[in-house]
Amino acid sequence: MTDPLLDIAEVAGRTGLAPSALRFYERRGLIAAAGRNGLRRTYHPDVLERLALIVCARGAGFSVAEIGRFLVARPSDADLRTGMAAKARHLDEQIGRLTRLRDSLRHAAVCDHEPIVDCPDFKRAVGDVPPPG
């Protein structure tokens, strides 16, 4: 038995994406409609997994074009693999910056230094400055 098709409104509701975003991703070839129910697009349920990947990649700074290349990548695509490795290094750097920011905010939430941004521990957490000594 096959899963029932999902209406565009249901896909939008389940993913938090606007129907216009779904139509945009379809025009760009990132997703495909299974058909129509009247004037409304319908999708196979597996589109939800594809959209989760797209949303995650967009949040990480991937362009729509980069995502499109990734979705059709084959193991023999050396250029794409090189680009993916570079993007992974960039994400590692971004994760490091965000981790430092998170740690500094946690410290700021309990710090009694006036003003908080002048606190040496806060500055160290934000800028990854080594302690004196």
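Parameters at a glance
Position labels on residues start from 1 in each chain and follow its written sequence. Owing to the predicted nature of the model, reporting of local features is limited to residues with pLDDT of at least 70; listing and counting of side-chain atom pairs is limited to 80 or more, with chain, interface and lining totals taken over all residues. To obtain the side-chain values, all non-hydrogen atoms of the structure were used and water was disregarded. The way it works is that DSSP assigns letters per residue, a run of H or I at least four long becomes a helix, a run of E at least two long becomes a strand, and they are numbered from the N terminus. Based on C-alpha atoms, the radius of gyration is set beside the globule rule, defined as 2.2 Å times the residue count to the power 0.38. Buried, partly exposed and exposed residues are distinguished by accessible area as a fraction of the type maximum, computed with a 1.4 Å probe on protein chains only: under 20%, between the cut-offs, and over 50%, respectively. Per-residue and other accessible areas were derived by the Shrake-Rupley procedure at a 1.4 Å probe size, with only the shown protein chains allowed to occlude residues. Lys and Arg are tallied as positive, Asp and Glu as negative. Neither His nor the chain termini are counted. To locate a charge, take NZ of a lysine, CZ of an arginine, CG of an aspartate or CD of a glutamate. The directions from the helix axis to the C-beta atoms form the arc being described. It only takes one pair of heavy atoms within 4.5 Å for two residues to be counted as in contact. Note on geometry: axes are C-alpha line fits, over the in-contact stretch for helices, and angles between N-to-C directions span 0 to 180 degrees. Note that the term roughly parallel is reserved for angles under 35 degrees, roughly antiparallel for angles over 145, roughly perpendicular for angles of 65 to 115, and oblique for everything else. Crossing handedness is defined as follows: a turn of the near helix away from the far one that is anticlockwise and smaller than a right angle gives a left-handed crossing, while the clockwise case is right-handed. Here the term charged refers only to Asp, Glu, Lys and Arg, the term nonpolar to Ala, Val, Leu, Ile, Met, Phe, Trp, Tyr, Cys and Pro, and the term polar to all other amino acids, Gly among them.

Draft legend 1. Seen up close, the overall build of the protein chain. The secondary structure content of the protein chain amounts to 6 helices and 3 strands. From first element to last, N terminus to C terminus, the protein chain shows the α and β order β-α-α-β-β-α-α-α-α. At 22 Å, the protein chain has a C-alpha radius of gyration far larger than the 14 Å of a compact globule built from 133 residues. A principal-axis box enclosing the C-alpha atoms of the protein chain has dimensions of 70 × 40 × 25 Å. Counting the 133 residues in the protein chain, one finds 23% classified as buried. Accessible surface for the protein chain amounts to roughly 9,200 Å². Of this, 56% is attributable to carbon and sulfur atoms. Of the side-chain charges in the protein chain, 20 are positive and 17 negative, and the distance between the mean point of each set is 7 Å.

Draft legend 2. Structural view of helix H4 (residues 64-71). Those residues of H4 lying buried are Val64, Ile67 and Leu71. Looking down the long axis of H4, one finds its buried residues gathered within 60° of arc, a one-sided arrangement. Those residues of H4 hidden inside the fold are in contact with helix H2 (19-27) and helix H3 (47-59).

Draft legend 3. The packing of helix H1 (residues 8-15) against H3, seen in detail. Packing of H1 against H3 leaves a shortest axis separation of 11 Å and a crossing angle of 45°. Of the possible angle classes, the one that applies to H1 and H3 is oblique. Judged by the sense of rotation from one axis to the other, the crossing of H1 with H3 is right-handed. Facing H1, whose interface residues are Val11, Arg14 and Thr15, H3 presents Val47, Leu48 and Leu51. A per-class count over the contact of H1 with H3 returns 4 nonpolar, 1 polar and 1 charged.

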